[in-house]
Every structure is written in structure tokens, then in C-alpha cells.
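Listed here are the chains, written in short residue letters.
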Amino acid sequence: MNDEALYPIISSENTLPFYIHGTGWCNYQYHVIRNEGYPVPQINYCISGNGKLIVGNKTYSITKGMSFYLPANLKHEYFTTSDHWALHWITFDGKELSSLLTHLKMLEALVLTHDPSSKLDTLWSQIFHAIKKDAQYGSYRASAYLYEYLLEYHYELLASNEKNSHKEDKLSPIIEYINLNYMNELSLTDLAKISNVSPQYLCKQFQETFNMRPFEYITKKRLQVAKGLLLSGQYNVSETATLIGYHDCSYFCKLFRKYENMSPSMLIPSSLKALI
């Protein structure tokens, strides 16, 4: 089968948060040397064969079921080391891409080994065929698949990151304690004692694992419970605030609007608002 590359004509798609810059596949990857990198990020997924990736002073062997992610403008080189090296690839861009990649911690080159149950191959196929079969609107459909693809890539990155898993394991007793006691007054010192660490180190662990400080996690846990209570229609806003640990209803409403972009009363079923 012949190699194939698709580069959709970009018009209004460049106003989308994320869109496909190009996609394709090759049965025998030619030798690529880019001293200035590529202008947009890319992900290459190995279907079969063997190859090498060189980024900085590191060399990686890339075999079937592995992928490599390269940020924009990063010097790199890759080439075949067997009789063939089949890859499928995507390059992408978008107005909100920088923010998404920051959130997904995809700011540096990555090499991943994927589980056989990985969804990436299927998602790439959806991206490829959306663009190939529909020149007019396929890029929009592919944009949706791209978002799902990047989220899946991030999920698989976390799953393969043992260091991150160990951090979550260390925080498990604290998370369990918060889940049982979120409605009570909780202090950073008391939480730190559960894992026998300093309050400063606990904050660092939360920041690295959940990208937030402990009290923000507690706040979000309380609001999660609050949404369920309000939607049940059994409690008004003031009662809900008290049940989750806020004795100042105004402060609860302020927090709710900050994190949920709505008033808590909007979640109470309209048919019940007059009764509670």
C-alpha cells in the first residue's frame, strides 16, 4: 500500500480551539532531520517495525505500540532501523492549543508505550477518514476527534507514569479522610499528620498530583456534594451550605458562582423552588 498524507485547506478552521494541520501514514518512514523542529506539535504512532528518535542528547528506540510526541519548534531526528517502519501521524494547531497542552502537561517531548487496548489507533483512523471523505466539513469533525485523541493521550501518559501513581497512592488516606469529613473544619496540619509529612510537603504533593492546593480540593469536594443535594430538591441553598460545612450562606454562594459560573439556586428543580 502507498503512503498517504492529508493536509486540509485551512480557512475558518483556524478559529477553532483545536484543528488538524495534517495527518497521514507511511509504511517506510524516511530519515527526518529537523534542526529547527516542526512549526506545530506532532504525534507519531508506530504500527509496525523499528526506528530511532533523537531529541536533545537522548536516543529512543520506537517499536510497535509506541508513540512519540514532539512540541512545536523542537529540534529532532528520526529514522528507520529495520526493513520497514510504519507510522501514522497527526500534526495540529489551534487558538486554545497552548492552554490545553499546558493543562495536559505536554510541553516537552514524550515517548509512550501503549497498552494493546489503547484507543489512539481508532481515534487516528476517525480523524484521517473524516478529512479524507469530507473536504468541506471533515476538518470540523476531525477537530472533535482531535480533542478526544489528546485527552486519551494524556490519560495514557498518566497511566504509564508510575511516579505519578505513587503520589496518588500516598495521598489516598488523605483523600479518603476528606471524603468522610469534608463537612467539618479541616486544618492543613491535621491532614499532614495523616501521612506523617509537613504541611508544606503536603501542599507540594497536592499541587503536583491534582494541580491544586489541599483546601481548593476540599472546596471542590464540598461543591460536588452540594450540586447533588440541590438537584435532589430536598434542600434549599442555606440548608445545603450548612450540610457541606459552610455556615455563611453568602460565602457559599460566592464560591459556587466562582467555580460553577452559576447561582446555586439554579440547580434546584423549578417545580420545587416554590415549595422549599
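It should be noted that the structure appears before, not after, this text.
Residues numbered from 1 in each chain as written. Predicted model: local features only at pLDDT ≥ 70, side-chain atom pairs only at ≥ 80, totals over all residues. Heavy atoms only, no water.

Undergrad: Lay out the nonpolar core with the relevant residues and their values.
TA: The biggest cluster of nonpolar side chains holds 29 residues, and the ones touching the most others in it are Ile43, Ile90, Met106, Tyr149, Leu150 and Tyr153. Only β2 (19–26), β4 (42–55), β7 (76–93), α1 (97–103), β8 (110–113), α2 (120–133) and α3 (138–160) provide two or more residues apiece to this core. It is α2 that contributes the most residues to this core, 7 residues altogether. Beyond its immediate stretch of four places on either side in the chain, isoleucine 90 contacts Ile20, Gly22, Thr23, Pro41, Gln42, Ile43, Trp124, Ile127, Leu146 and Tyr149. Val225, Ala226, Leu255 and Leu267 belong to the second largest nonpolar core, which has 16 residues in total. (Core = buried A, V, L, I, M, F, W, Y, C linked by side-chain atoms within 4.5 Å. Buried < 20%, exposed > 50% of the residue type's maximum accessible area, 1.4 Å probe, protein only. Helix = DSSP H or I, 4+ residues; strand = E, 2+ residues; numbered from the N terminus. Contact = heavy atoms within 4.5 Å.)

Undergrad: Summarise the side chain of glutamate 13; cite the residues concerned and give the values.
TA: Within the secondary structure layout, glutamate 13 lies in the loop between β1 (4–6) and β2. Ignoring any residue separated from it by four or fewer positions in sequence, one finds glutamate 13 in contact with Tyr19, Ser139 and Tyr140.

Undergrad: Any chance you could break down the packing of aromatic side chains for me, citing the residues and the numbers?
TA: Going through the model one piece at a time under the given rule, you end up with 12 aromatic pairs. An angle of 70 degrees between the planes, with centres 5.8 Å apart, marks the rings of phenylalanine 206 and tyrosine 217 as edge-to-face. Here phenylalanine 206 is found in helix α6 (residues 199–210), whereas its partner tyrosine 217 is found in helix α7 (residues 214–232), with 11 residues between them in sequence. Pair check on accessibility: phenylalanine 206 and tyrosine 217 agree, each one buried. Through pairs of rings, three or more aromatic residues link up here, namely Tyr246, Tyr251, Phe252 and Phe256. Sitting above the plane of the tyrosine 246 ring, arginine 222 keeps its charged end 4.7 Å from the centroid. (Phe/Tyr/Trp six-rings, centres within 6.5 Å; stacked < 30°, edge-to-face > 60°. Lys NZ or Arg CZ within 6 Å of the ring centre and 35° of its normal.)

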